[in-house]
Every structure is written in structure tokens, then in C-alpha cells.
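Structure assessment
Letter by letter, the chains look like this.
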Amino acid sequence: AATSKITSTIGGGSADISEMITIPAGKFSMGGDNYPNESPIHKVTLNAFQIDKNEVTNARYKVFMDAGGYGNQAYWTPEGWAWKNTNSITEPNNWTSGAFNTGPNYPDHPVAGVSWYEAYAFAKWAGKRLPSEAEWEKAASGTDGRTFPWGNGYGDGSNVGGSRRTESSKVGSYPTGASPWGVMDMAGNVLE
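About the criteria used
- Residues numbered from 1 in each chain as written.
- Predicted model: local features only at pLDDT ≥ 70, side-chain atom pairs only at ≥ 80, totals over all residues.
- Heavy atoms only, no water.
- Helix = DSSP H or I, 4+ residues; strand = E, 2+ residues; numbered from the N terminus.
- Buried < 20%, exposed > 50% of the residue type's maximum accessible area, 1.4 Å probe, protein only.
- Contact = heavy atoms within 4.5 Å.
- Polar contact = N/O pair within 3.5 Å; in protein donor to acceptor, adjacent residues only side chain to side chain.
- Arc of directions from axis to C-beta.
- Core = buried A, V, L, I, M, F, W, Y, C linked by side-chain atoms within 4.5 Å.

So, about the environment of Asn54. Position of Asn54 relative to the elements: it lies in the loop between strand E5 (49–52) and helix H1 (58–66). You can call Asn54 partly exposed: its relative accessible area is 25%. Note: C-alpha distance between Asn54 and Pro110 (56 residues apart in sequence) is 8.8 Å.

Here is the structure:
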């Protein structure tokens, strides 16, 4: 699974002009009791970092593609470059078909169907990097131990509650589902 948000260190340069949110340095409780791979809950201390306020849209990802992102080895890890070439990868999965609201016909929807390698290449091209698991979790949950970015209730403010969607929504469609820091769509739009 690939992430749809990218991050950078404070003061890092960027070729991508997307709005970023600063997550302050400090401790937070990481983990949970819902699944065995989330246990045990433990304290983690992070330096300050920035993360995209919104998911990477199909339109933003298309700029990377149009700029030759799939043809420039400098953006890819050696393993990613080999994977891309071995599998003849030239675009995200479902990009051309438009399945799951991905591709150029859905410019305001989050890019989906990208591997970790593709997400890494996009982030490097953008002058940013992928967040660590701890950074992602702090950006999503804040420091108050909440279950979801918007609080503790399953359907309080996000598109995950009530009806399970099979396709994405436009980025930022659920403002009441923002994390405590104001980061959007941390749960419920695309699998991170």
C-alpha cells in the first residue's frame, strides 16, 4: 500500500507547492488496542515535521507524470527502478481505466493504485519525502489518544461512517473529519 501524503523536514525546499501543515515536536501515544499489530501503546517523541494538508490528487500526480517522473531514474530507489522496468510500469494501476476515480478524468480525487516505489518517486520529485509510520500516526491522531482523526466515534465527520464507499471522494470533502492539526482525509478516502 502506498501513502498519499508526503512530508518534509521544517525548512526543506519543495518543487511541489501544495499546502503543508506543521506538526510540532513532542511526545504522543502511538499504537492502539484494536489490532494485535498496533500493540502495545507506547510513547514516541518526534521532531517537528510538515505533512501535506491534503492527499496527492490525480492532477498533482499527472504533473509528475508529464514531467517525466516515470522515465527519470533519479527519483526512484534502485529497487523501485528495477521493479518499474521489470513490470513495465508507466502509470498508476487503473490510471487509464479510471476505476476507483483515479486518472486524469478525476483531477480532484486522490491518486490511488500507486505502489510504495511510485509514492517515493513522486515525493522525491516534489522535493519532499514519505512520512514515517510514527509521523503519519501523530499527524492523524494528535496527542490526546483519539481513535480516529476526528475523534472517538466511528462515523463522526468522515466518509468511513455509515455507508462504506467503494470509490474515492474529492480531496477535502469531509472537513469535519480533519485531524487535530487540520490534516484532511487521514482515514476513509483511500487506503494509506
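Text resumes after the structure shown.
Looking now at helix H3 (residues 116–125). Among all positions of H3, only Glu118, Ala119, Ala121, Phe122, Ala123 and Trp125 are buried. Elements in contact with the buried residues of H3: H1 and helix H2 (78–86). Between the side-chain oxygen at the start of H3 and the backbone nitrogen of Tyr117 there is a gap of 3.2 Å, and the oxygen is on Ser115. Where H3 ends, the next residue or the one after it, Gly127, has phi of about 80 degrees, a positive value.

Mapped onto the elements, Ser39 comes out in the loop between strand E3 (26–30) and strand E4 (42–46). Using a relative accessible area of 38% as the deciding quantity, one classes Ser39 as partly exposed. Those residues in contact with Ser39 that sit more than four places away from it in its chain are Gly32 and Asp33. Engagement of the side chain of Ser39 in a polar contact is seen with the backbone oxygen of Gly32, the distance being 3.0 Å.

If you check which residues of H2 are buried, you get Gly80, Trp81 and Lys84. Across the axial projection of H2, the buried residues extend over an arc of 100 degrees, all falling on one side. Facing away from the buried surface of H2 by more than 90 degrees, the exposed residues are Pro78, Glu79 and Thr86. Packed against the buried residues of H2 are H3. Just downstream of H2, Ser88 is the residue with a positive phi angle, here 50 degrees.

Bringing the nonpolar core into the picture now. Grouped together as the largest cluster of nonpolar side chains are 16 residues, with contacts concentrated most on Tyr61, Phe64, Tyr70 and Phe122. Counting residues per element, the ones that place at least two in this core are H1 and H3. Setting aside anything within four residues of it in sequence, one finds Tyr61 in contact with Val56, Tyr70, Pro92, Trp95, Val111, Val114, Glu118 and Phe122. Counting residues in each nonpolar core, the second largest holds 14 residues, with Val44, Ile51, Trp136 and Met186 among its members.

Bringing unusual backbone geometry into the picture now. The step from Ser39 to Pro40 runs through a cis peptide bond, and the omega angle for that step is -5 degrees. As for its position among the elements, Pro40 is in the loop between E3 and E4. Backbone geometry places Asn101, a non-glycine residue, at a positive phi of 60 degrees. Within the secondary structure, Asn101 sits in the loop between H2 and H3. On the basis of relative accessible area, Asn101 is assigned to the buried category, the value being 8%.

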